[in-house]
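Now for the letters of each chain:
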Amino acid sequence: MNKLDTTLVISALKQAGFALTDSAKEADVVLINTCSVREHAEQRVISHLGHLKHIKESRPDMVVGVIGCMAQRLGAELLEHEAVDIVCGPAQIPQITKLITQTLNQKKQTIAITEKIRRKTTQNESRALEDFESAYDVEDRQIPAQAYVRAMRGCDNFCTYCIVPYVRGPEVSRRPNAILDQIRKLADTGVRQVTLLGQRVNAYKYTSGEKTYCLADLLRMASGIEALEWIRFVTSYPSEEFFEEILHAMADLPKVCNYLHLPAQSGSDKILRAMNRHYTAEDYLRLLTKARDIVQGIAIAGDFIVGFPGETQDDFEATVDLVKKARYKNCFIFKYSPRPDTTADKRLADDVPLDVKKSRNTELLAVQEKISDELSAGFLGKEVKVLVEGLSKKPHLDSAQSDGNPQLIGRTATDYIVVFNGPKSLAGQFANVKITKTSPLTLFGWLM
Ligand code: SAM
Ligand code: SF4
């Protein structure tokens, strides 16, 4: 979601005549797009601001803006930081160029956030967000031929640990035609893969007259766009609602990638209840079985939080058990981080010591790594199709085998990362790679 917002802001600033620079030292304006999901992310922003304050000592005209969830959460408090000139929440990013111009011209701080974040957005605000969203037609700068498209904003789920409903506001599904027009426009400019975004994207629901559109309808309609080749969606919430329809759409539509990100968060029913997640571990595993029955070869990824308040060793072992049974392709594992004003923070003591959180995190990662390794090994000797993202950031293969070509990185439809040597010009194109070596998170091979 943040990557998309960053792309939208870059696009708006370019249209307003700004140009990007890689160095904060050279910039007239520095914007930090922020995340509030865990405390660590916010601490990093504070440390960046400290660095910028330093730069501003010799360049006092430089404008620094904090945008996104942390801006919404902390509001005016952020303006007290010596480095900060602009504070702009996620719903106000359509105003970003105006805020920058104001600050540059009037040399005074500006703030734009939503006062009452849980109220429904007004028609004017929705229109501004829609216009801003659909004006975006540039490709993602980092990854050619790929783009994110928002299907939904906000969240109404109120998982007790989560800050998102308090910084991104109520859940709203965008109009199907607005989404499709945007995808068509992106496909016309060379985008081959879109990822539909929502905090619970599988709950997408839009009623127009007699018809209610769900995610399966969006997938079907997007599949009809000829130039588009792959369609993904993240993140899904474990729920029966629309689940089978979506799985059947995945199975029937060749353009829809067979990849499902379905965070479980815990394997203990007691903890799931305390998290306000509306399923049990058994319900969750039933959904996985259904997904694997309907969509052949589907790859599934999960999220877990370890050290949630009250998590005993038995609760943690239930999580380990779930991870073993789920056989994820990969898992994102987080140490519980109390977020101000969430229900868990207000009502439950953060009673799992940090060293226990750390050791549970390490243990769960090790369990998952073994499973990922076994699943990756199944690709040895096979040929896979990847969408090439560009140059690999770190060297992986023996450069003596490179034929003078650099190392590229690509992703399969099932979200496996594949590293191979090939011409840089392949970035943004599809390629077939024969897998010759595997590791838990990466496949290696030769360009066919
Ligand atoms: N909407 C998605 C969902 O329901 O799973 C993802 C939302 S959140 C931005 C991404 C992940 O961060 C969650 O799946 C959860 O594992 C983790 N997370 C959220 N709040 C957290 C917290 N307070 N402490 C640690 N991890 C957290
Ligand atoms: Fe947060 Fe839960 Fe909403 Fe995901 S579904 S964004 S974890 S409240």
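Structure first, text after, so check above.
This text gives an overview of the structure that appears in the document. All values derive from a computational prediction rather than experimental measurement.

1. As for the overall build of the protein chain
Within the protein chain one finds 15 helices and 19 strands. For the protein chain, the C-alpha radius of gyration of 23 Å lies close to 22 Å, the compact-globule estimate for 448 residues. Across its three principal directions, the C-alpha atoms of the protein chain cover 60 × 55 × 55 Å. Across the 448 residues in the protein chain, those meeting the buried criterion constitute 51%. Of the roughly 20,700 Å² that the protein chain leaves accessible, carbon and sulfur atoms contribute 50%. The distance from the centre of the 58 positive side-chain charges to the centre of the 57 negative ones in the protein chain is 2 Å.

2. Brief notes about the packing of aromatic side chains
Evaluation of the coordinates by the stated rule reveals 8 aromatic pairs. Among the aromatic residues, those joined into a cluster by ring pairs are Tyr161, Phe308 and Tyr336. Across from the ring centre of Phe430, 4.6 Å away, lies the NZ or CZ of Lys385, which sits over that ring.

3. Side note on the environment of Ala203
Residue placement: Ala203 occurs in the loop between β8 (193-197) and β9 (205-208). Once you skip the residues sitting within four places of it in the chain, Ala203 turns out to touch Met152 and Phe242.

4. Structural notes on the site of ligand 1
Within the structure, ligand 1 sits among 15 residues, and Tyr161, Gln199, Gln265, Asp303 and Ser337 are positioned closest to it. Between ligand 1 and Arg38, the relevant distance is 3.0 Å, taken from an oxygen atom to a side-chain nitrogen or oxygen of the residue. The fraction of the free accessible surface of ligand 1 (550 Å²) that becomes covered by protein chains is 90%. At the level of elements, β13 (299-306) and β14 (330-335) are the ones that each hand at least two residues to the shell around ligand 1.

5. Some remarks on the packing of helix α13 (residues 313-326) against helix α15 (residues 354-377)
α15 packs onto α13 with a crossing angle of 15° between their chain directions and a minimal axis gap of 10 Å. Here α13 is positioned roughly parallel relative to α15, judged by the angle of their axes. Here the hand of the crossing between α13 and α15 comes out right-handed. Residues Gln313, Phe316, Thr319, Val320, Val323 and Lys324 of α13 lie in contact with α15, whose contacting residues are Arg360, Glu363, Leu364, Val367, Gln368 and Ile371. For the contact of α13 with α15, the class distribution of residues is 6 nonpolar, 3 polar and 3 charged.

The rules we used
- Residues numbered from 1 in each chain as written.
- Chains lettered and ligands numbered in written order.
- Predicted model: local features only at pLDDT ≥ 70, side-chain atom pairs only at ≥ 80, totals over all residues.
- Heavy atoms only, no water.
- Helix = DSSP H or I, 4+ residues; strand = E, 2+ residues; numbered from the N terminus.
- Rg over C-alpha atoms; globule rule 2.2 N^0.38 Å.
- Buried < 20%, exposed > 50% of the residue type's maximum accessible area, 1.4 Å probe, protein only.
- Areas by Shrake-Rupley, 256 points an atom, 1.4 Å probe, with all protein chains shown as cover.
- Lys, Arg positive; Asp, Glu negative; His and termini not counted.
- Charge placed at Lys NZ, Arg CZ, Asp CG, Glu CD.
- Phe/Tyr/Trp six-rings, centres within 6.5 Å; stacked < 30°, edge-to-face > 60°.
- Lys NZ or Arg CZ within 6 Å of the ring centre and 35° of its normal.
- Contact = heavy atoms within 4.5 Å.
- Near = heavy atom within 4 Å.
- Polar contact = N/O pair within 3.5 Å; in protein donor to acceptor, adjacent residues only side chain to side chain.
- Axes fitted to C-alpha atoms, helices over the stretch in contact; angles between N-to-C directions.
- Parallel < 35°, antiparallel > 145°, perpendicular 65-115°, else oblique.
- Left-handed = near helix turned anticlockwise from the far one by under 90°.
- Nonpolar A, V, L, I, M, F, W, Y, C, P; charged D, E, K, R; others polar.

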